[in-house]
Amino acid sequence: MIVDFHVHPRLDEPVETPRRLLALGAPLGIELMLLLGDVLRFGYQPDEGQIQQINDDTLAALDRWPQAFRGLCHVNPGHDPAFVRAEIERCLAHPLMRGVKLEVSVNARDARLDPIMAELQRRGRILLHHAWYKTTGRVAEESTPADIAALARRWPAVRIVMAHLTPAGPRGVQDVRPHANVWVDTSGAQPVAGMVEYGVRELGAERLVFGSDAPGRDLAVQLARVLGADLTEAQRQLILRENALRLLGEPC
Amino acid sequence: MLIDVNCWLGSWPFQRFAAGTAPALARRLQAEGIDLALVSPAEGILRPDPQDDNEALFRAVARTPALRPVPVLNPSLPGWPEQLRRWAARRIPAVRVLPNYHLYDLDGPAAAALAAALVELDLPLLVQLRVEDERSQHPLLRVAGVPVETVLAYAQRHPALRLACLCPYFGEAVALATGAANVWVDLAFAETLDTVVSLLARVPAERLLFGSHTPFLYPRAACAKLERAGLPPDAMEALRSGNARRLLGELLRR
């Protein structure tokens, strides 16, 4: 069994896209996927109504395919804290929701994340946060791995999964390395050779989880960067399955 | 047989390559089921005159028949016609160019002269659109991809030239492969959900080439695109080797 920690549903194809993901994932052994929401559907600053639409779509997929998906609640920390709190409350009331997904609306260093982190700490739930060292320039309030490290330092009791190992690069891996509450998912950009091995060497296989970023990416290609890396079988199992199950609170 | 039209040997300042020698690269490729690969010298990407790197490549692969040397040519240097004639005598399968790294324009006279020379020699041209994802390049080495429009205009001006574009993104691959009859594209950077099936919905199968961009990328990633495509045998054969044979012709035979 393989767990994909980073997939997105599509609001314009609420049934078709999950079906395709499941159909393409099954032959690869991907049996569980974490839905992060169609977080860029409305741009970098979705309003409250759009946030609710994104989460409604994720919740509907969880109801329809409870064996195959788990979900994260997407919020914009720039919104009224009362709305953010209520939306997290609404989403996490669903038994298959596992935490919160943050994208680029507010930088990870911003104090407006603190009420969200406090809620995750109180509930023992995870945060998955986008991060990228982007030579071509940040979009909106996009976070770098250094920003994630700052967040992890402020909230050491919250488990944070930083998205995008390859775009983080060696600098990003070193940024989060001191923070044992940060995991990194393998998604993002091209399957650049050597990055998975580098992540394992510097963080340990216990701190990497497989993620595809499908449907923008190809499940088989993204899986191949883990299957094609020079790893032991035990390391591969940690990345493909065991770490993810522990983070999601699923039986190993 | 699986033919890879997009491989490199050598070193690159921003990435440590696991397979540093020709035999090691051949073993790495063969472990993934890749039988034959066109290989260029990675040092030639940045070196203004890649000739020394090409000669080193010829020596390095001389005893590794699974690797076929494809020299990097910089047509903005005056000595290229003589180099090209010497290489043709050595039966190279193709020539690779990187206009964006060697700082010339495909619209210019040097590239036009190169096209004419290649047509005369019946040699295909491999155009490297990019080496790395632009978003993750070193901040001091930001190199934009070769624009699709420029490549298409070049292909249309030289209809007898066989032109393979390496490392286009998915949308670029579609535009290139449908924009001119003498253009092929490789799979290395093209990616979306169910990549090959999605490409084949938009692009004639005979325009697609298998390319892995090893050792920059994991070779298994490119292989996965083919393995999971569920293609009928004739289409699979075309993508694995048939299209490359048609592009390269007799030049694949040493």
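Check the entry above for the structure.
Just so it is clear, the structure is predicted and the values come from calculations on it, not from any experiment.

### Brief notes about the packing of aromatic side chains
Counting across every chain of the model gives seven aromatic pairs over all chains. With centroids separated by 5.7 Å and ring planes inclined at 80°, the aromatic side chains of Trp 12 of chain B and Phe 14 of chain B adopt a geometry described as edge-to-face. With relative accessibility at 4%, the residue Trp 12 of chain B sits in the buried group. Of the residues examined, Phe 14 of chain B reaches a relative accessible area of 36% and is grouped as partly exposed. With a centroid separation of 5.6 Å and an interplanar angle of 70°, the aromatic rings of Trp 12 of chain B and Phe 216 of chain B are classed as edge-to-face. With Trp 12 of chain B in the loop between strand 1 (3-9) and helix 1 (22-31) and Phe 216 of chain B in the loop between strand 8 (208-209) and helix 9 (219-227), this residue pair connects regions lying 204 residues apart in the sequence. The residues Trp 12 of chain B and Phe 216 of chain B share a single accessibility class, namely buried. By the ring-pair criterion, three or more aromatic residues cluster together here, those being Trp 8, Trp 12, Phe 14, Phe 17, Tyr 101 and Phe 216 of chain B. The ring of Trp 132 of chain A has Lys 134 of chain A lying over it, and the distance from NZ or CZ to the ring centre is 4.9 Å.

### Here's the deal with helix 6 (residues 148-157) of chain B
Burial in helix 6 of chain B covers these residues: Val 148, Thr 150, Val 151, Leu 152, Tyr 154 and Ala 155 of chain B. Of the surrounding secondary structure, the elements contacted by the buried residues of helix 6 of chain B are helix 5 (109-121), strand 5 (125-128), strand 6 (163-166), helix 7 (170-179) and strand 7 (183-186) of chain B.

### Digging into unusual backbone geometry
The omega torsion of the bond from Ala 214 of chain A to Pro 215 of chain A falls at 10°, within 30 degrees of zero and hence cis. Turning to its location among the elements, Pro 215 of chain A is positioned in the loop between strand 8 (208-209) and helix 8 (219-227). The linkage connecting Thr 214 of chain B with the following residue, Pro 215 of chain B, adopts the cis geometry, with an omega of 5°. Structurally, the position occupied by Pro 215 of chain B is in the loop between strand 8 and helix 9. At Ala 189 of chain A, a position not held by glycine, the phi torsion is positive, near 60°. You can see Ala 189 of chain A is positioned in the loop between strand 7 (182-185) and helix 7 (195-203).

### Some thoughts on the pattern of salt bridges
Using the criterion set out here, one finds 30 salt bridges over all chains in the structure. For Asp 114 of chain A, the salt bridge goes to Arg 154 of chain A, with nearest N and O atoms at 2.9 Å. Note that Asp 114 of chain A is positioned in helix 4 (residues 114-123) and Arg 154 of chain A in helix 5 (residues 145-154), a separation of 40 residues in sequence. For Asp 114 of chain A, a relative accessible area of 24% corresponds to the partly exposed category. The salt bridge involving Asp 122 of chain B is made with Arg 162 of chain B; its shortest N-O contact spans 2.8 Å. Of this pair, Asp 122 of chain B sits in the loop between helix 5 and strand 5 while Arg 162 of chain B sits in the loop between helix 6 and strand 6; the two residues are 40 residues apart in sequence, bridging distant segments of the chain. Classification of Arg 162 of chain B by relative accessible area gives buried; the value is 19%. Taken together, the shared-partner salt bridges in this structure form one network comprising Arg 10, Asp 12, Glu 13, Asp 38 and Arg 41 of chain A.

### Remarks on the side chain of Gln 137 of chain B
Within the secondary structure layout, Gln 137 of chain B lies in the loop between strand 5 and helix 6. Beyond its immediate sequence surroundings of up to four residues, Gln 137 of chain B is in contact with Thr 135 of chain A together with Tyr 101, Glu 132, Arg 142 and Val 143 of chain B.

### Observations regarding helix 5 of chain A
Residues and elements named next belong to chain A. Counting buried residues in helix 5 gives seven out of 10 residues, a clear majority hidden from the surface. Within helix 5, the full set of buried residues consists of Pro 145, Asp 147, Ile 148, Ala 149, Ala 150, Leu 151 and Ala 152. Taken together, the buried residues of helix 5 touch helix 4, strand 5 (126-129), strand 6 (160-162), helix 6 (165-176) and strand 7.

### Concerning the pairing of strand 6 of chain B
Residue and element names in this part refer to chain B. The two faces of strand 6 match: Leu 163 and Cys 165 on one face and Ala 164 and Leu 166 on the other face are all buried. Alignment of strand 5 against strand 6, held across four bridges, turns out to be parallel. Paired with Leu 125 across the bridge in strand 6 is Leu 163. After leaving strand 5, the chain enters helix 6 and then returns to the sheet as strand 6, a path that is right-handed. Sheet analysis places strand 6 next to strand 7, joined by three bridges and oriented parallel. Across the sheet, residue Leu 163 finds its bridge partner in strand 7, namely Val 183.

### Describing the packing of helix 3 (residues 80-89) of chain B against helix 5 of chain B
Residues and elements named next belong to chain B. In contact at an axis separation of 11 Å, helix 3 and helix 5 are set at 25° when each is read in the N-to-C sense. Between helix 3 and helix 5, the interaxial angle falls into the category roughly parallel. Crossing hand, helix 3 versus helix 5: right-handed. Along the contact surface, helix 3 presents Trp 80, Leu 84 and Ala 88, while helix 5 presents Ala 110, Ala 113, Leu 114, Ala 117, Leu 118 and Leu 121.

### Regarding the nonpolar core
If you look at the biggest cluster of nonpolar residues, it comprises 70 residues, and the most contacted ones within it are Met 117, Ile 160 and Ile 239 of chain A. In terms of residue count, helix 8 of chain A provides more of this core than any other element does, six residues in total. In contact with Ile 160 of chain A, other than residues within four places in its own chain, are Met 117, Leu 127, Ile 148, Leu 151, Ala 152, Asn 181, Val 182 and Trp 183 of chain A. Of all hydrophobic cores here, the second largest spans 68 residues; its members include Ala 22, Ala 26, Trp 87 and Leu 187 of chain B.

Conventions and cut-offs
- Numbering of residues starts from 1 in every chain and runs along the sequence as written.
- Whichever chain is written first is A, and whichever ligand is written first is 1; the rest continue in order.
- Residues qualify for local features only when their pLDDT is at least 70, as the model is predicted, and side-chain atom pairs are given and counted only at 80 or more; totals for whole chains, interfaces and linings, by contrast, use all residues.
- Computation of side-chain values covers all heavy atoms of the structure but excludes hydrogens and water.
- Two rings from Phe, Tyr or Trp (for Trp, the six-membered ring) form a pair when their centres sit within 6.5 Å of each other. Planes less than 30 degrees apart are called stacked, planes more than 60 degrees apart edge-to-face, and all others tilted.
- The buried label applies to any residue whose accessible area, calculated with a 1.4 Å probe on protein chains only, is under 20% of its type's maximum; exposed applies above 50%, and partly exposed to all values in between.
- Helical segments are the DSSP runs of H or I of at least four residues, strand segments are the runs of E of at least two, and each set is numbered from the N terminus.
- Two thresholds decide whether a charge sits over a ring: the Lys NZ or Arg CZ must be within 6 Å of the ring centre and within 35 degrees of the ring normal.
- By definition, residues are in contact when any of their heavy atoms lie within 4.5 Å.
- Any Lys or Arg side-chain nitrogen found within 4 Å of a carboxyl oxygen on Asp or Glu counts as a salt bridge.
- Note on pairing: two strands pair once DSSP finds at least 2 bridges between them.
- By convention, orient the strands away from the viewer: a clockwise path from the first strand over the helix to the second makes the crossover right-handed.
- Here an axis means a line fitted to C-alpha atoms, over the contact stretch when the element is a helix, while the angle between two N-to-C directions is reported on a 0 to 180 degree scale.
- An angle below 35 degrees is read as roughly parallel, one above 145 as roughly antiparallel, one from 65 to 115 as roughly perpendicular, and any other as oblique.
- Left-handed describes a crossing whose near helix is turned anticlockwise from the far helix through less than a right angle; right-handed describes the clockwise counterpart.
- Remark: nonpolar core denotes a set of buried residues (Ala, Val, Leu, Ile, Met, Phe, Trp, Tyr, Cys) joined through side-chain atoms within 4.5 Å.

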